[in-house]
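# Summary of the model geometry
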Amino acid sequence: MRELEFRPKSKIRELLGEKFILLNALVALIAILLIFIFIFKEALPIFTDPEIMQEASVDKLMLKQSFYEGQEPRFSWQPNSSVPKYSLFPLFLGTLKAALVAMLFAVPLGVGAAIYSSEFASRRMREIIKPTIELLAAIPSVVLGFFALIVLASLFQEIFGLTFRLNAINAGIALGLAVVPVIFTVAEDAMTSVPQSLREAAIALGANPWQVSITMVFPAAMPGIAAGVVLGFGRAIGETMIVLMASGNAAIISWSFVESVRTFSATIAAELAEVVFGSAHYSVLFFIGTILFIFTFIINLGGDIVLFRLKERMQGKSK
Amino acid sequence: MKKVFLAMMLMAAVSVMAATTITIKGSDTLVRLGQRWAEEYMKKNPEAVIQVSGGGSGTGIAALLNGTTDICESSRDMKAKEHDLAKKNGINPYRVTVALDGIAVFLHETNPVNELTFAQLKGIYTGSITNWKEVGGPDTRIIVYGRENNSGTYVFYKEHVLDDEDYSDYTQTLPGTAAVVNAVAKDKFGIGYGGIAWAKGVKFAAVRKNDSSTAVIPSMETVINGTYPISRELYWFFNGTPTGDLKNLVNWALSVEGQKVAEEVDYIPLPRELAEKNLVK
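The rules we used
Here the residue numbering is sequential within each chain, running from 1 through the sequence in written order. Chains carry letters from A onward and ligands carry numbers from 1 onward, assigned in written order. Given that the model is predicted, a residue must reach a pLDDT of at least 70 before its local features are reported, and side-chain atom pairs must reach 80 or more before they are shown or counted; all residues, however, enter totals for whole chains, interfaces and linings. Put simply, DSSP H or I for four residues or longer makes a helix, DSSP E for two residues or longer makes a strand, and each gets a number counted from the N terminus. Put plainly, a residue is buried at 20 or more neighbouring C-beta atoms within 10 Å of its own, exposed at 12 or fewer, and partly exposed in between, counting only other residues' C-beta atoms, which are placed from the backbone. Placing C-beta atoms from the backbone, we regard two residues as in contact once those atoms come within 7 Å. Helix axes are fitted to C-alpha atoms over the stretch in contact, other axes to C-alpha atoms as well, and angles between N-to-C directions run from 0 to 180 degrees. Convention used here: angles under 35 degrees read as roughly parallel, angles over 145 as roughly antiparallel, angles from 65 to 115 as roughly perpendicular, and any remaining angle as oblique. Crossings are sorted by hand: turned counterclockwise from the far helix by less than a right angle, the near helix makes the crossing left-handed, and turned clockwise it makes it right-handed. Under this grouping Gly is polar, as are all residues other than the nonpolar Ala, Val, Leu, Ile, Met, Phe, Trp, Tyr, Cys and Pro and the charged Asp, Glu, Lys and Arg. A set of buried Ala, Val, Leu, Ile, Met, Phe, Trp, Tyr and Cys residues, joined through C-beta atoms within 7 Å, is what we mean by a nonpolar core. Multiplying one less than the number of residues by 1.5 Å gives the expected span of a helix. What pLDDT conveys is the predictor's confidence in a given residue, as a value from 0 to 100.

## Digging into the overall build of chain B
Across its full length, chain B holds 11 helices and 11 strands. For chain B, the C-alpha atoms occupy an extent of roughly 80 × 35 × 35 Å along the three principal directions. Burial analysis of chain B (281 residues in total) assigns 48% to the buried set. Long-range pairs, those at least 24 residues apart, make up 72% of the contacts in chain B between residues at least 6 apart in sequence.

Okay, structure coming up:
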């Protein structure tokens, strides 16, 4: 047996090796930066090109417009009209509604399953549950979308007597199915990594298993659980195929959750293949991409900050 | 020795592919027909390799203009904008009508409404008619389904039935005619539109051009004889007049045999004299 030893043969090799690893780390960073620059560059004409601004300037995208003479100002997404209309608000509302339903569905389910799996399940049970839920993440989203379009939609319509088969709830719950494994995996890992000594201390003080998990493990694992929820929300906002198939894609202004929604991501997926390069419609779609990018970036950043604060508090570093 | 052999194999494979690979791309309405034609043609001409994909007429035209497809299948004519872009890109579109299609209006099988006029269809799709009772049905909301705006069917229907007005915001758009048919088949108060080749599990509404004309159900005969009011031509676009393999393929598709294949998969064959007129010389 040769003794294991790491000794670089030369300084240059060591330097090269280090630089190579650094490059690997930078690739992801550079890729994100390049993607953002590309998307933003294609969206830029909305701010600069006078011809495109006539059809789609920022205020036209954001505010109510009267598109025909004498028409009451309203929001409308009709990019293929003889008078193209590019209000983003209906899409924004749709994205939010679908994501909200998804989170309302997935957070209790994902976190609940994580508590059960890490605190209460027998080892054997846990070994069944964990891979099964994680398998849910392996289902292609187009399959989930199709399932929602064909099965879920009819089921909900029959149970609740809904007017619209395809609606925010249907799309949101299908989205939720995709989000559950994200939340579950991260939350479960966070809870299992709470030190056993803490659990034992609580038990020694006379706490029953329920008290241990709810008053001790759950708060201690809070940063991880919060991270899972944030990641899940990011997925819910960005997911495309499920909402494209299950939501009905009608760009309407309505606070009702049983009416159809059209989301940002589904709009890009449905329309980008057809647009004429360099047209106003093209730029608007890239602008939507920019918004989505910034949106998820802020969510992740916010999640990180919350996580950091929580960690500090849990470790008793802040007051 | 082994290496030389491998290299030769590779070269042979490349040259075979380069010689006869034909790509067809475009309309989702036409993709099934394109595939069947490709299969039959490849059976007869084993050396030919044809790849067919969908994506929508707009996608196909964009591909033709970018020079990434040999044949673009389209269920609508090219727009002036696209002709301009073609000129700019040095592409010279050559259009051949390869089949006919009727756009049917789908209703749920239990829907008591059987016929609709153009004015009623326009009202339903622009949002001025929202209840079935306004067109002689039960007192319930009309659930309107349509296609995504990258579809040739979407554009054709908008121009011919809606007089180019906007679809109602409440129109639920779905990717593909199959999804529309599926949604209407499951929705008692739904209405949708799409090529007549697709309908399974839904019923066709008879359509009247105006109040005085008779209602016509879409079918092979009524589209060919021109009595069904929502019908259209389906096109193949080439870059320049097709020659060689492309010419053989399109002329075969227009032949009696090719048109019979179209009929087998529920598209509507061209009347014989029109097909012959369209042959590439």
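## Focus on the overall build of chain A
When its secondary structure is counted, chain A shows 14 helices and two strands. If one aligns the C-alpha atoms of chain A with their principal axes, the spans along those axes are about 80 × 65 × 45 Å. Out of the 319 residues in chain A, the part that is buried amounts to 39%. The long-range share in chain A, meaning contacts at least 24 apart out of those at least 6 apart in sequence, stands at 74%.

## Things to note about the packing of helix H7 (residues 141-160) of chain A against helix H8 (residues 168-192) of chain A
Residues and elements named next belong to chain A. Between H7 and H8, the least distance of the axes is 9 Å, while the angle of their chain directions is 135°. The orientation of H7 relative to H8 falls into the category oblique. Classified by chirality, the crossing of H8 by H7 is right-handed. On the side of H7, the interface is formed by Ser141, Leu144, Gly145, Ala148, Leu152, Ala153 and Phe156, while H8 contributes Ile169, Asn170, Ala171, Ile173, Ala174, Leu177 and Ala178. When its residues are assigned to classes, the contact of H7 with H8 shows 11 nonpolar, three polar and no charged.

## A short note on the nonpolar core
Residues and elements named next belong to chain A. In this structure, Ile183 and Ile242 are the most contacted members of the largest nonpolar core, which totals 156 residues. Ranked by residues supplied to this core, first place goes to H8 with 17 residues. Ignoring any residue separated from it by four or fewer positions in sequence, one finds Ile242 in contact with Ser141, Leu144, Gly145, Ala148, Ala171, Ala174, Leu175 and Ala178.

## Some points on helix H1 (residues 11-43) of chain A
For H1(A), with 33 residues, the first-to-last C-alpha span of 47 Å sits near the 48 Å given by 1.5 Å per residue. Counting buried positions along H1(A) gives one out of 33 residues, so the element sits mostly on the surface.

## Observations concerning the environment of Phe233(A)
Residue and element names in this part refer to chain A. Looking at the element boundaries, Phe233 is found in helix H11 (residues 222-238). Residue classification places Phe233 among the buried positions, given that 24 C-beta atoms sit within 10 Å. Dropping the residues within four chain positions of it, Phe233 is found in contact with Ala99, Met103 and Ile299.

## Observations regarding the interface of chain A and chain B
Each side of the interface is counted separately: chain A has 26 residues, and chain B has 24 residues. Listing elements by their share of the side of chain A that touches chain B, those giving two or more residues are H7, helix H12 (241-246) and helix H13 (264-271) of chain A. With three residues, H7(A) is the largest single contributor of residues to the side of chain A that touches chain B.

## Here's the deal with the confidence of the model for chain B
All names here are of chain B. Per-residue confidence for chain B gives a mean pLDDT of 86; residues scoring 70 or more make up 93%. Below a pLDDT of 50 lies the segment residues 13-18, which in the model reaches one contact outside its immediate sequence neighbourhood of four places, other chains included. Both confidence scores are given for the complex: pTM 0.77, ipTM 0.79.

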